[in-house]
Each structure stands twice: as structure tokens, then as C-alpha cells.
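# Fold and geometry: a report
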Amino acid sequence: MTIQQSPATPSVADTFVVSCIDPRFVEEPAQLLRALGRAGRYSEMRIAGAALAAVNPAQPAWSTALWDNLAASRQLHGVRRVTFLNHRDCGAVNAWAGRKLSANPADELAVHADLLNRAAAEVRRRHPDMEVEITLMDLDGAVQVLPCQHCAPQGLRAEAVEAPLAAQRNPKAFAELVRLRTAHGAQPDPAQERALLATGVREHGLTAEEARQIRARHGGPGGAAAERDVAAYLSTRADKRGRIGSADVTAGAQLYRRLSGGALREQDARVRTVRIAFGAGLEPRAEGFWPFRTQGWFNRHLA
Ligand SMILES: [Zn+2]
């Protein structure tokens, strides 16, 4: 097979998107890539279970198709990044896991996070210089970027990617943008959050830390999707009587900060996490040495 390209209009892309064949999600991947500022600069492959195709030994032909297409897109379009876009309530992943994962959102998140991390490692084994993003889409189209242990290219530090370009430094203009985006209580989802911070760096000449500080000062914290995931996490930590300890709140607050792109200060994240726990019907475990065992660590945050 020969593939002809017009030299006048070279076909270039910087991202190879792997999404699922589920007919409920036809528009969403395009919307996400637009939000990330990559409209028209990605090539997309749809395959059942998305990241599942990279790591499912029961379907070797699917893995082969995925790796062959990635190699082809690299050669033809020069892609340097792979974005895996899994989604909740995925029939292919449910069938592979042998249970209806959506019955337990925290379990579902854990299964997808594991699949996606392994898929990222497989990409990096074949293409050590490629960057990988792993994401999970909700049924309402909100996308969560998941923590990834295998995603950054070797030797490439996050700071290097976020280093400000030659843009004119303009923190006021970025603060104005943040206020607009979060006006009337609107809260961006994690992908939009990242795109917003990236805009502060690329177009307003800020460092990543400055952009985060401005974001925290001029807008609210991460959106409903983040709160739902923190609630799901906390409920997995609760004992049989629905009680959690302060260490669970600390871990929940760290998760919340990650999900909101680091826009929240530690103490604010902790207060919000306690409120989320309270809203989810969870109760504090008494902590400290008798006779000083107390639930005050929890109640302080609800005042
Ligand atoms: Zn699916």
C-alpha cells in the first residue's frame, strides 16, 4: 500500500487519541480535544474498551491493530502523544472485568485507572519518547485526567513542559479570564481546568505556579466531578459503620487537590473534603488517647 500526501498540505497531528466504540460518545472526544486546544491536530482510533485493547491478552489482534495504527500515525502525522479516553459504564471493560462496574463508582475508577496505567506503560515500552495522557469520561461527558505513573517521557520533567514561552507577562489578563470562566459559580471539569492553567502559561507568560495561585485566588475550586470522585474515594475508606478517620480525610484532600489541578490550598481542600464526607453521610471516627478521644478534628471543619 502506498499512501500519497500532498506536499502543499502536510497532514500533521500531535496527539493519537484512543477512544471507545460506544455510540453514546461520538461528539465528546472532539469536544475534549477542542477544550485542550488540539482541534484539527489529532488522529483518533476507536476500539472497544479504548485502553483495554492495549492490555487485553484475550484479544491479541486488537492490540496489534492498536500498535500498528499508532506506529502509522507517528510515521505519517508525527504524533508525539497518546491520549487514552476510557469512559464509565463501558460494556467492553465490564465484560472483561466480569462485573457491572458502574454499580460501584470507586471500584470502576480503580479498574479503569489500573487498565489505563498499564496501557500507558505499554505505549512507553514501544515509544519511550512519547507522552501519554490517561482520562476517564463520565456519562455526562465530563472528563477526569487520572494520575499516571508511566506517562511522561524519560528525562522530561513536568516543569520543562510548563515553562513559560516568550509570551508577554500579564497576570491581570489571566485573572480576568479565570473570573469569566468561573462566573456565576460555573466550575470547569479537570480537563478544562488544565487547559485554563496552560493558557495562563502559554498566553499570559506566567509560570505554572503563578497560574495556579491566580486560579485559586480568583475562582472557586474544582467542579462537581472532582467532588463526586472524592466522595467515592472516602466511601471506600469507611468502615462498616460508615466512619472515616482523619488520615482518610488527609488522603481525600490530596486527591481533591490533584483533581482540581492544584488550584486549592491544602487547608481549603481539607475543609471541603470534610464537607463532602458529611454530605455523603459519613461520620468521623473518634481519635486520640482515652479520655480525650474526640471527633473535634472533623467537626472543626464543618463550623
Ligand atoms: Zn466502551
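### Section: the nonpolar core
Formed by 43 residues in total, the largest nonpolar core has its most connected members in Val18, Ala50, Ala51, Leu52, Phe84, Leu116 and Ala119. With 6 residues, the single largest contributor to this core is helix H5 (residues 105–126). Among all residues touching Leu116, those that are not within four sequence positions of it are Ala51, Phe84, Asn86, Ile134 and Leu146. Within the second largest apolar cluster, 16 residues are counted, among which are Ala226, Leu234, Ile244 and Val274.

### Description of the packing of helix H7 (residues 171–181) against helix H9 (residues 208–218)
Between H7 and H9, the least distance of the axes is 9 Å, while the angle of their chain directions is 45°. By the criterion of interaxial angle, the relationship of H7 to H9 is oblique. Handedness of the H7/H9 crossing: right-handed. Here H7 contributes Pro171, Phe174, Ala175, Val178 and Arg179 to the contact with H9, which in turn contributes Glu210, Ala211, Ile214, Arg215 and His218. Looking at the contact of H7 with H9 residue by residue, the classes come out as 6 nonpolar, 1 polar and 3 charged.

### Notes on the sheet that holds strand E3 (residues 81–87)
An order of E2-E1-E3-E4-E5 is seen for the 5 strands of this open sheet, with the pairing classed as mixed. Each edge of the open sheet is held by one strand with a lone partner, namely strand E2 (42–46) and strand E5 (143–145). With direction set aside, neighbouring strand axes in the sheet form an average angle of 25°. Pairing of strand E1 (residues 15–19) with E3 involves 5 bridges; the strand directions are parallel. From the neighbouring strand, Val18 faces E3, where its bridge partner is Phe84. Docked against the sheet, helix H1 (residues 28–35) engages E1, E2, E3, strand E4 (131–137) and E5, running at close to 150° with respect to E1.

### Some points on helix H8 (residues 190–204)
Given a rise of 1.5 Å per residue, 15 residues ought to cover 21 Å, and the 20 Å separating the end C-alpha atoms of H8 matches this to within 8%. One or two steps after H8, the chain reaches Gly205, where phi turns positive at roughly 70°.

What counts, and where the lines are drawn
Residues numbered from 1 in each chain as written. Predicted model: local features only at pLDDT ≥ 70, side-chain atom pairs only at ≥ 80, totals over all residues. Core = buried A, V, L, I, M, F, W, Y, C linked by C-beta atoms within 7 Å. Buried ≥ 20, exposed ≤ 12 C-beta atoms within 10 Å, placed from the backbone. Helix = DSSP H or I, 4+ residues; strand = E, 2+ residues; numbered from the N terminus. Contact = placed C-beta atoms within 7 Å. Axes fitted to C-alpha atoms, helices over the stretch in contact; angles between N-to-C directions. Parallel < 35°, antiparallel > 145°, perpendicular 65-115°, else oblique. Left-handed = near helix turned anticlockwise from the far one by under 90°. Nonpolar A, V, L, I, M, F, W, Y, C, P; charged D, E, K, R; others polar. Pairing = 2+ DSSP bridges. Expected span 1.5 Å × (residues − 1).

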